[in-house]
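Examination of the molecular architecture
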Amino acid sequence: MPFAAAKRLQKLPPYIFLEIDRLKKETLARGIKVLDFGVGDPDVETPRPIVAEMKRAVARPENHRYPLGPGKAALRQAFTDFYAEKFGVKLDPADEVTTLIGAKEGVAHMALAFVNPGDTVLMPDPAYPVYYNGTVFAGGVPYFIPMTRKTNYEMDLDSVPKQVLRRAKLLWINFPHSPTGTCVTKEFFRMVVWHARKYKFAVCHDAAYIDLTYDGYQAPSFLSVPGAKEVGCELYSLSKPFNMTGWRIGVCAGNTDLVAGLRKIKGNLDSGQFGAVQDAAVVALRNHDKFISKMVKTYTLRRDLMVDALTEAGFRVNRPKGTIYLWAECPRGKKSMETSAALLREYGILATPGVGLGLKHGEGHLRFSLTCPTAHCEEAAKRLKRGGM
Ligand SMILES: *Cc1c(COP(=O)(O)O)cnc(C)c1O
């Protein structure tokens, strides 16, 4: 018996990654070693002390029961201390912090908690796809703010018509921004707070890459500007900075109404993350500097290798001060799918076509994820220089 999926599933954009996977298999079948810059999933293992704590925590009977809704007090406190130390942000762990089963879960559930059918949700484009997915699942209407070469890859709120701002319920921002690598100063966040107050919408800042920054740049927390907590919240993820994508752990912090709404949805749909993972996350946050600075060094090296090689090969690409991505404009105005296929065929290099990352404005670009081993970055640079494999 055929079961028709719910209409909300039909609103999702076509999934291009199956086609990419097919091309990858084809290349491998030709006996070519594929250098994979496709997925944004760290290749380096989780730091050993975090794994060690997980092993101990699994054995503790207290972790064998349902986790508590907002997350363990010890984890909320560790996060609060981390944010005070690193970003100068004061938080109350009692009602301004809640743990997540990864930031992705928080993004999706935030929409369920605050978006009514027909509500307008502002979001960057290209962007992390879940702002869109979560919005349409909740029946909301996405409005895309372009981040293209024309806007210098920046997010220009003043480009949004006033009537759209007036009916907006929620704004998604994400800096350092995936996939463009664009970073902002506190001045930008102040301007966002000003708009949110004037037009009365909530701001959700996805800070997945807030501590993967380079060349001495430190990304600010949205919550560090005056008034931010009155209008918004920030989603933090341990996935990328601590190489913990598989563990599923993140935090939402900020405005008490937003945190309470999210807690309510989560209390009814999930029961929080396994206590042992939360214990391990405490070890990560309490040693953040040591773990993260190592990854920053690794990504800086890879970034520089790849930016130089791609530039020489005819791509127009910025040297980002944050994220783990390069957002490269295809040479000669070529389409992204075509360029991606050619790069794979001729160089054995796999990059994600921009059409898969932007609903309207991702075309003409490729995303290179720096989660590819450094030796593979060196090999990719060599192949590009040689003009083939
Ligand atoms: C990886 C990523 C996330 C999701 O993080 P998880 O904590 O693993 O769910 C959210 N936003 C952006 C921009 C990301 O790149």
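Keep in mind that what you see is a predicted model, and the values were worked out from it rather than measured.

With that settled, the discussion passes to the sheet that holds strand 2 (residues 97-100). The strand order 2-8-7-6-5-3-4 describes an open sheet built from seven strands, whose pairing is mixed. At either end of the open sheet lies a strand with only one pairing partner, and these are strand 2 and strand 4 (141-146). Along the sheet, successive strands turn relative to each other by an average axial angle of 20°, direction set aside. Note: strand 3 (residues 120-125) against strand 5 (residues 168-173), three bridges, orientation parallel.

Right, let's talk about the sheet that holds strand 10 (residues 325-329) for a bit. What holds strands together in a sheet is hydrogen bonding between their backbones, with the strands either parallel or antiparallel. Spatially, four strands are ordered 9-10-13-12 in an open sheet, and the strand pairing comes out antiparallel. Looking at the sheet topology across the chains shown, the edges are occupied by strand 9 (316-317) and strand 12 (352-353). Relative to strand 13 (residues 365-369), strand 12 is paired through two bridges, and the arrangement is antiparallel. Bridging from a neighbouring strand, T352 pairs with R367 of strand 13. Each of strand 12 and strand 13 touches helix 13 (residues 336-347); the most contacted strand, strand 13, lies at about 50° to it.

Right, let's talk about the pairing of strand 3 for a bit. Buried residues dominate strand 3, accounting for six of its six residues. Burial along strand 3 is two-sided: the face carrying T120, L122 and P124 and the face carrying V121, M123 and D125 are both buried. Note that strand 3 and strand 4 share six bridges and pair parallel. For T120, the partnering residue across the bridge sits in strand 4 and is V141. Between the parallel pair strand 3 and strand 4, the chain is carried across by helix 6 (residues 130-137), and the sense of this crossover is right-handed.

Turning our eyes to something else, we now look at the pairing of strand 2. Residues V97 and T99 line one face of strand 2 and the alternating positions T98 and L100 line the opposite face, and both faces are buried. With four bridges joining them, strand 2 and strand 8 (residues 250-254) adopt antiparallel strand pairing. Residue pairing in the sheet places T99 in a bridge with V251 of strand 8.

With that settled, consider the site of the ligand. The full set close to the ligand counts 13 residues, and D206, Y209, S237, S239 and K240 are the nearest of them. A distance of 2.6 Å separates a nitrogen atom of the ligand from a polar atom in the side chain of D206. Within the side chain of R248, an N or O atom sits 2.7 Å from an oxygen atom of the ligand. Protein contact buries 93% of the 380 Å² of open area that the ligand shows by itself.

Before going further, it helps to examine the nonpolar core. Formed by 91 residues in total, the largest nonpolar core has its most connected members in F79, Y83, L171, F222, Y236, F242 and F368. Looking at which domains feed residues into this core, each of domain 1 (7-45 + 290-384) and domain 2 (52-289) supplies at least three. When near neighbours in sequence (up to four residues on either side) are disregarded, F79 contacts L91, V97, Y236, V251, A253 and L285. Core analysis: the next-biggest nonpolar cluster, separate from the first, contains 25 residues, V107, A138, C204 and C233 among them.

Here we come to the side chain of R302. Mapped onto the secondary structure, R302 falls in helix 12 (residues 288-312). Under the relative-accessibility criterion, R302 is labelled buried at 3%. Looking at R302, its side chain comes within polar contact range of the side chain of T374, at 3.0 Å. The residues contacting R302, other than those within four sequence positions of it, are D43, V44, L370, T371, C372, P373, T374 and C377.

With the rule as written, the count across this model stands at 27 salt bridges. The salt bridge involving K72 is made with D279; its shortest N-O contact spans 2.9 Å. Taken together, the positions of K72 in the loop between helix 3 (48-58) and helix 4 (73-87) and D279 in helix 11 (residues 275-286) put the pair 207 residues apart, joining distant regions of the chain. With relative accessibility at 11%, the residue D279 sits in the buried group. Here R190 ties to E187 by a salt bridge, and the two come within 2.7 Å at their closest N and O atoms. Of the two residues, R190 and E187 both sit in helix 8 (residues 186-199), three residues apart, roughly one turn of that helix. Accessibility expressed as a relative area gives 38% for R190, which makes it partly exposed. By sharing partners, the salt bridges in this structure join E53, R56, R60, E62, K72 and D279 into a single network.

Here we take up the domain arrangement of the protein. In terms of domain boundaries, the protein breaks down into domain 1 (7-45 + 290-384) and domain 2 (52-289). The straight-line distance from the C-alpha centre of domain 1 to that of domain 2 is 25 Å. Taken together, the 38 residues of domain 1 in the interface contact 37 residues of domain 2. Across the domain 1 to domain 2 interface the summed buried area is about 3,400 Å²; carbon plus sulfur atoms make up 60%. At the boundary of domain 1 and domain 2, one finds three salt bridges. In this structure, R303 engages D215 in a salt bridge whose closest nitrogen and oxygen atoms are separated by 2.8 Å. The tally of links between domain 1 and domain 2 comes to 21 residue pairs in polar contact (both at pLDDT 80 or more). With nine residues, the single largest contributor to the side of domain 1 that touches domain 2 is helix 12. Partitioned by chemical class, the residues of the side of domain 1 that touches domain 2 number 17 nonpolar, 10 polar and 11 charged.

The rules behind these values
Residues numbered from 1 in each chain as written. Predicted model: local features only at pLDDT ≥ 70, side-chain atom pairs only at ≥ 80, totals over all residues. Heavy atoms only, no water. Pairing = 2+ DSSP bridges. Helix = DSSP H or I, 4+ residues; strand = E, 2+ residues; numbered from the N terminus. Axes fitted to C-alpha atoms, helices over the stretch in contact; angles between N-to-C directions. Contact = heavy atoms within 4.5 Å. Buried < 20%, exposed > 50% of the residue type's maximum accessible area, 1.4 Å probe, protein only. Right-handed = clockwise from strand over helix to strand, strands pointing away. Near = heavy atom within 4 Å. Polar contact = N/O pair within 3.5 Å; in protein donor to acceptor, adjacent residues only side chain to side chain. Areas by Shrake-Rupley, 256 points an atom, 1.4 Å probe, with all protein chains shown as cover. Core = buried A, V, L, I, M, F, W, Y, C linked by side-chain atoms within 4.5 Å. Domains from an automatic or database assignment. Salt bridge = Lys/Arg side-chain N within 4 Å of Asp/Glu carboxyl O. Buried area = accessible area lost by both parts, 1.4 Å probe. Nonpolar A, V, L, I, M, F, W, Y, C, P; charged D, E, K, R; others polar.

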